[in-house]
Structure formats: C-alpha cells, structure tokens
Amino acid sequence: MARYLRCWSRTIMSVTFLFFILAVGWTVALPTMPEKHLHVGPGGVFKIALFADLHFGEGEEVDWGPQQDVNSSKVMSTLLHIEIPAFLCSTMAWCWTILSVTYLSLLFRFIVAVGWTVDLRTTPEGYLQVLPGAAFKISLFADLHFGENAWNDWGPQQDVNSLKVMSTVLDLENPDFVIYLGDVITANNMAIANATLYWDQAISPTKARGIPWSSLFGNHDDAPFEWPMEWFSASGIPQLQCPASRSSYSGEQHCSFRGTRRLELMRNEIAHNTLSYSRAGPKELWPSISNYVLLLSSSNDSKSPVAFLYFIDSGGGTYPEVVSRSQADWFQRKSHELNPDSRVPEIIFWHIPSKAYEKVAPMLLFMSSCVGSINKERIAPQQAEMGIMKLLEGRPSVKAVFAGHNHGLDWCCPYKKLWLCYARHTGYGGYGNWPRGARILEITSQPFSLKSWIRMEDGNSHSEVILSS
Ligand SMILES: [Zn+2]
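Figured I'd write up the structure that's included with this text. Every chain is numbered independently, its residues counted from 1 as its sequence is written. Residue-level local features of this predicted model are given only where pLDDT is at least 70; pairs of side-chain atoms are given and counted only at 80 or more, and the full residue set underlies all totals for whole chains, interfaces and linings.

Some words on the sheet that holds strand β4 (residues 213–215)
Let me state the cut-off plainly: Pairing between strands is defined by DSSP: at least two bridges between the two strands are required. Under the scheme used here, helices are H or I runs from DSSP no shorter than 4 residues and strands are E runs no shorter than 2 residues, and both carry numbers assigned from the N terminus. Interaxial angles span 0 to 180 degrees and are taken between N-to-C directions of axes, which are lines fitted to C-alpha atoms, for helices over the stretch in contact.
Strand order in the open sheet made by the six strands is β4-β3-β2-β11-β12-β13, with mixed pairing throughout. Two strands lie at the open edges of the sheet, namely β4 and β13 (461–466), each paired on one side alone. Direction aside, neighbouring strands of the sheet carry axes that sit 20° apart on average. Here three bridges tie strand β3 (residues 177–180) to β4, and the two strands are oriented parallel to one another. Bridged to tyrosine 180 within β4 is serine 215.

If you want it as structure tokens, here you go:
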C-alpha cells in the first residue's frame, strides 16, 4: 500500500512540475518567438523572390484588366521556373500545381468579365397607390449624414437635431411616401463595424409614423473610414467599438473599421422593415446597388400607372461617382419595356447631380428661370457622363430629376423638356449651416401634375414650382 501511495505521489508531483515548467517556460518564451519558421533546404541555399506591385484585379469589367492579370502571372511563372524559390514551392510539382490553379482561376474570371450577359426583369420592383380623391405626396430627405464623430458631443447632438427636422416635416406635411436621397450616414466618420445602427436611426421618424419609404445611396454611405490624425498621438489608437456578441457579428475578427458595404446596408433595411420599398437592384449592376423602379398607380385601378419612379445609384464611397454605361442600358431596357410609348410620366432620383446640372446652374437665382432659395456653391457633378442623360433627355415622359449632394443649392431649373432639381439639405450632419428643410413633391393624376415646394424646419414653406408643364 505504502509503495502504491509513494508511486502515486511521485507521479502527481512529476506531472505538476511538468505543468509548472511548461507554464513558466511558455509565458517567458512566447513573446520572443517569431511567428513562423522557414527552413533552409538540403543544399544549404535559401532563395527569395520578391514580387512587387502586381496590382491584380484591375478593370474587371473590361478586357484589359483580366488580360493584364494573365500577363502578370506569366511573368511570375517564368521567374519561378528559372529561379524556383524554396519557400514558394519546394518541388517542381508544387510549382506547377500553384501555377495551373492561378491560370485556371484567371481564365475563369476573364470569361466571366468579358462574356457575362445582362438578364433583366420586365416588371417594376414595387407598387404604390394614389389614395382616392387625393394627391400623392412625397418628402425627400437628403444628406442627413448620421453617425458623425460619435466620440465627441457634437456628433450625437446633430443627429438629434436631424431627427427633429424630419419629425417636423413629417408632422406638417403628412406625406404618403418618403425618399431618402443618399448620404443617410457619414460612413467615413464612423468608427464602428456595423453602420446599420445609424441607418436605422435615420429612418426611425418615418417608420414610427407608419409611412412607407425607399432609399438610395450617396457617396458617404459606404465610404471607407478615415482615421483622424489625433488618434495617432502618444496615447495611441483607441479601442475598437465592437458590436455586442449577440449581433450577427461573431467575435473579434469581424470587429474592425472595415465599414458596412452598400449591399449590407440595403439588405438590413429591407429585411427588418416591411414599410421599406428599397431594392438591392439587379446583381449585374453591383456594386452599384440602389437601382430600381417603383410604379405609382391609380387608386381605382392598380394596373393603371400614374408615374414610374426611378432610383439610380450615382456611386461614390467605395467606387467612382458615376452612373455607368451598364446602368444606362438597364434604364433604357426597363423604360422601354414598362413604358414603351413614353405615355406614363417618369421621375428620376439620384444623389450626385449629372454634368447637365452645370449647364443650367444660374449665376443669379432671382434673375433666372430657376426656382429656389439658395445658390451658394458650385455644382459637384458625377465624374463622367456615360449616356444616362442622353436617354433621359430623349424620353418626353421624363419630367424631372432630383439630386442631393450639394448642400448649398436647392433650386429647380428647366433643362430641355425636363427639370433638374436639387432637394434641400435635411440633416445637421455634413458641411454647411444653411437652415434645414425637405423638398416635397405632390403628384396628381388625370390629368398628371407634379408640383414641388420646400418645407423648412421652422414650419415655413417656399419655392413652389410646377414641374409637369
Ligand atoms: Zn452630403
């Protein structure tokens, strides 16, 4: 018995000692260890190839992009074949496996990029109805810029002020529908991974009143986070503000300033709101997301159209500020299929004005044929014109285009047979301190008319204009 006990106690002591050694040794050794080991081959020579500035993945939508990736992998394969660096591929067989996989994936991407054909649906994505005996009223909320500088007082305070503006406008006008005209949030000023928190705040006054809405994207909604310089001071970079573990984000690896992409913002809005008429647009146009059309129909006949409302993503943020040729083609196809004889009026909404706005911008507002109250800055248009304006001008059914983006402009100007309009800066976020308000649209049927004015947060209204003549 005594022998057994001795034996057991010795075993327990040895195991404890082993654990102690491991624990102490581990703690001491760990911080000083390199993160990975490489081994010199049997010949005693270790060769490294430096591949610099490959720039893979450029211009996927055109031929030259995928083609130059194929060329780059040719360069690398030639060099590898001659040099065969030890750590990239230890044997020739490995080299060839890596290279053939690269080749095949590039070839596949080339075929996808060049040979993809666009498949489009022929129906509008949503239906709205004019109530019997009433006009259909829409409120445009532009450039709210929620979520700025959450680490200071002024950021959250300006969001409270923006909520007040929206509530005042909604209570005074009681619209049938609300359009969020982009720059709903300022993603580049938002140090959290999940920007939908702020998006939800911005739509809350409309949602609380049971009013349906739709939204489109501006250049700030998914812009990459810009680190303030003061964060790189002696005190170092602050802790990330990670979402709670019960949210869809699981763990630290997702907790970063990567930001929330257009598609995630849109999917979140649609999934959690039955009142939302927003759509994520045809996949073929992604990453341009907010491209869709809603049909406004007559109250006594849901099949009798009063107007088509087109929402177009004018880019910015994670990609250039353009309405692409593919988007123009989508509009052309869609409008021809839904409204072949241009009989039904069409209204266009986007965030960044097109270059055509520059042609009508008045020098002096009161001496022009434009209607508005502020004319305080130069037009900041889309970066390029890729055909959408030609299409809009060519359709007599297109009555007006509405943009946000320029906070210091709120006019409507006639342009050829249609009107080019700005909304009104609604939010306390974003640049400019001009008084806040919202552009209101009023649509009546039989005969069709489109009237607009601006409702201010102090309750006044001004700049009434008929846009259907
Ligand atoms: Zn803005």
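A word on unusual backbone geometry
We apply this condition: Here exposure depends only on C-beta density: within 10 Å of a residue's C-beta, 20 or more other C-beta atoms make it buried, 12 or fewer make it exposed, and intermediate numbers make it partly exposed, the C-beta atoms being placed from the backbone.
In this model, tryptophan 286 is joined to proline 287 through a cis peptide bond whose omega is 10°. In this structure, proline 287 sits in the loop between α6 (262–272) and β5 (292–297). Look at aspartate 53: it is not a glycine, yet its phi comes out positive at around 50°. Inspection of the secondary structure assignment puts aspartate 53 in the loop between α1 (2–29) and α2 (64–83). Using a count of 5 C-beta atoms within 10 Å as the deciding quantity, one classes aspartate 53 as exposed. Positive phi is not limited to glycine here, since serine 463 has a value of about 60°.

Here we look at the packing of helix α4 (residues 154–173) against helix α5 (residues 196–208)
Basically, it comes down to this: Any angle that is under 35 degrees is reported as roughly parallel, and any over 145 degrees as roughly antiparallel; angles of 65 to 115 degrees are reported as roughly perpendicular and all others as oblique. Crossing handedness is read from the near helix: turned anticlockwise from the far helix by less than a right angle, it gives a left-handed crossing, and turned clockwise, a right-handed one. Once C-beta atoms are placed from the backbone, any two residues with those atoms within 7 Å are in contact.
In contact at an axis separation of 9 Å, α4 and α5 are set at 25° when each is read in the N-to-C sense. The angle between α4 and α5 falls in the class roughly parallel. The interaxial crossing formed by α4 with α5 has right-handed handedness. Contacts from Asp159, Leu163, Met166, Ser167 and Leu170 of α4 reach α5 at Gln201, Pro205 and Thr206.

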